[in-house]
Amino acid sequence: MATFAKPENALKRAGELINVGQHLDALMALHSLITSRRYRAWQKPLENIMFKYVELCVVLRKGRFAKDGLIQYRIVCQQVNVNSLEEVIKHFMHLATEKAESARNQAQALDEALDVEDLEADKRPEDLMLSYVSGEKGKDRSDRELVTPWFKFLWETYRTVLEILRNNSKLEALYAMTAHRAFQFCKQYKRTTEFRRLCEIIRNHLANLNKYRDQRDRPDLSAPESLQLYLDTRFEQLKIATELELWQEAFRSVEDIHALMCMVKKTPKASLMVIYYAKLTEIFWISGSHLYHAYAWLKLFSLQKSFNKNLSQKDLQMIASSVVLAALSVVPFDHTHGGSHAELENDKERNLRMANLINFNLDPKHDNREMLSRLTLLSELVSKGVMSCATPEVKDLFHVLEHEFLPLDIAARVQPLLGKISKLGGKLATASSVPEVQLSKYLLSLEKLATLRLLQQVSQVYQTITIESLSRMIPFFNFSVVEKISVDAVKHNFINMKVDHMKGAVLFGSV
């Protein structure tokens, strides 16, 4: 490849080659200049060359050439003119996005065009065979050939830019911006596979940052600006994970945020912690971890009450009601009762891990089941003023289920209260970070609790009762469901009962 006395000559030569349709030769001409050792000092013509270079890389979809050129340009200008590198990278991402959008607009059926599970995978053999056998290509395959290559290139662009910008204090703002744009790309086009990869890439970048502490221009996470950028990126990751309903990735994002907080030994500002606990309530509810779900709601209530000066009384009431119902939804017996030593150790480790995530300090040397339990949680509802803020229906329900002894009337008292509670909820006007409150989602758990309380209280009054009579007392479920609920309660020593189907009776013994 010819060498050039001045950078401007290479740009002129590239322009001539482009005019005669030789785009690849133009790219090679610019590539030879960019990688040449003669031009290691930054000058304005180099920036113009880089603009043209990334344009050619996008037109020809040469991602590796783009990466190579940008790495060389970073070496040239990161100590002298970082803004120039920023402008080139922004231009590169803009062009790649523009091309992908243009291809998308040309395709008339985007859903079919982007029906690709993995943007990094090659064509499957069956797809190639089908394209050869078919005399006429289907519209969806035409769309796929038009759109998918550009979206693959756009995804490769994000990966390339993140790799070039990683762990550099002078480029961390641009790194954060690129990560946010990549998250939005995954959200907009529902790219779950790429989102998981993106989270892993960012996770590895932070791990390398801690591993290589003597690296030049290494970001200082103790600096407030740097820490804020890293936290904002993780919180965006958490938001997108929950919106895509990737709950495992959302949980890992929560662990990433917690690890970052532990690393710098600083708690983020209250507005971010509200998002943190709001997302935790969703994750724990989906995973069926009702105890941790309730503790996350309790933390959310405390933060909103302490820091949200604009919080209306109605919204505070909704949040408090959610805390109380979340606590009541926790089963009233210990699931680890009678478990093996290995099960108890696993449960202890899990308790410690979850307690750390919700910032509830436990001593790993002691048995923590009593410290992080339903009983402790219910006592905290009173001591922290949650109960006093809840709606009257929720207060009444709590009193009936936890304090009154009504073996024959408990269902009749609970049912109308549940009917009223199911209609409560909605968007919170003065707490935008908190998810929409829908108290109706707790109904099934509350009906199960009412059934358990009824069985518990009836067992203290009767030794035997007919299945028919007991079924009439429990309007929430048919008897087969009541049986399933009671099996777990008997297993964990909450009640002592047997069902005799031959006699059509339920037998109670001493608890």
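Residues numbered from 1 in each chain as written. Predicted model: local features only at pLDDT ≥ 70, side-chain atom pairs only at ≥ 80, totals over all residues. Heavy atoms only, no water.

**Q** So what exactly am I meant to see when it comes to the sheet that holds strand β4 (residues 497-500) here?
**A** Backbone hydrogen bonds are what pair the strands of a sheet, in a parallel or an antiparallel way. Reading across the sheet, the three strands line up as β3-β5-β4 and stay open at both edges, with antiparallel pairing between neighbours. Each edge of the sheet is formed by a strand with only one pairing partner; in this case those strands are β3 (464-466) and β4. With strand direction ignored, the average angle separating the axes of adjacent strands in the sheet is 20 degrees. By the bridge criterion, three bridges tie β3 to strand β5 (residues 505-508) in an arrangement that is antiparallel. (Pairing = 2+ DSSP bridges. Helix = DSSP H or I, 4+ residues; strand = E, 2+ residues; numbered from the N terminus. Axes fitted to C-alpha atoms, helices over the stretch in contact; angles between N-to-C directions.)

**Q** It is not clear to me how the packing of aromatic side chains should be interpreted in this structure. Could you clarify?
**A** The geometry of an aromatic ring pair is captured by two quantities: the separation of the ring centres and the angle between the planes. Under the defined criterion, the tally for this structure stands at 12 aromatic pairs. A ring pair is formed by Phe151 and Phe185, whose centres lie 6.1 Å apart and whose planes are at 25 degrees; its orientation type is stacked. A residue pair is termed long-range when its members are at least 10 positions apart, and Phe151 in helix α8 (residues 139-165) and Phe185 in helix α9 (residues 172-188) qualify at 34 residues. Assigned by exposure class, Phe151 and Phe185 land together as buried. An angle of 45 degrees between the planes, with centres 5.6 Å apart, marks the rings of Phe333 and Phe494 as tilted. With a gap of 161 residues between them, Phe333 in the loop between α15 (313-328) and α16 (341-357) and Phe494 in the loop between α23 (479-491) and β4 connect regions that are remote in the sequence. Neither Phe333 nor Phe494 differs from the other in exposure class; each is buried. Among the aromatic residues, ring-to-ring pairing joins Phe151, Tyr158, Phe185 and Tyr189 into one connected group. Just above the ring of Trp150 sits the side chain of Arg61; from NZ or CZ to the centre is 4.8 Å. (Phe/Tyr/Trp six-rings, centres within 6.5 Å; stacked < 30°, edge-to-face > 60°. Buried < 20%, exposed > 50% of the residue type's maximum accessible area, 1.4 Å probe, protein only. Lys NZ or Arg CZ within 6 Å of the ring centre and 35° of its normal.)

**Q** What's the story with the pairing of β5 in this structure? I'm lost.
**A** Successive side chains on a regular strand alternate, one facing one side of the sheet and the next facing the other. In the sheet, β4 pairs with β5 via four bridges, with the strands oriented antiparallel. Counterpart to Met497 in the pairing with β5 is Phe508. Hairpin connection from β4 to β5: four residues lie between these consecutive antiparallel strands, with Gly504 at a positive phi of about 65 degrees.

**Q** Could you clarify how one ought to interpret the nonpolar core in this entry?
**A** Proteins that are soluble and globular tend to have nonpolar side chains buried together. Counting residues in each nonpolar core, the largest one holds 163 residues, and the members touching the most others are Tyr276 and Leu397. Leaving out residues up to four positions away in the same chain, Leu397 has contacts with Leu325, Leu328, Val414, Leu417, Leu418, Ile421 and Leu446. (Core = buried A, V, L, I, M, F, W, Y, C linked by side-chain atoms within 4.5 Å. Contact = heavy atoms within 4.5 Å.)

**Q** Got a minute to help me understand the packing of helix α10 (residues 192-211) against helix α11 (residues 224-243) in this structure?
**A** In a packed pair of helices, the relevant descriptors are the angle between the two axes and the axis-to-axis distance. Where α10 meets α11, the closest approach of the two axes is 11 Å, and the angle between their N-to-C directions is 155 degrees. Judged on the interaxial angle alone, α11 and α10 are roughly antiparallel. In the crossing of α10 with α11, the sense of the turn from one axis to the other is left-handed. For the pair α10 and α11, the contacting residues are Phe195, Cys199, Ile202, Arg203, Leu206 and Leu209 in the first and Tyr230, Thr233, Arg234, Gln237, Ile240 and Ala241 in the second. A per-class count over the contact of α10 with α11 returns eight nonpolar, two polar and two charged. (Parallel < 35°, antiparallel > 145°, perpendicular 65-115°, else oblique. Left-handed = near helix turned anticlockwise from the far one by under 90°. Nonpolar A, V, L, I, M, F, W, Y, C, P; charged D, E, K, R; others polar.)

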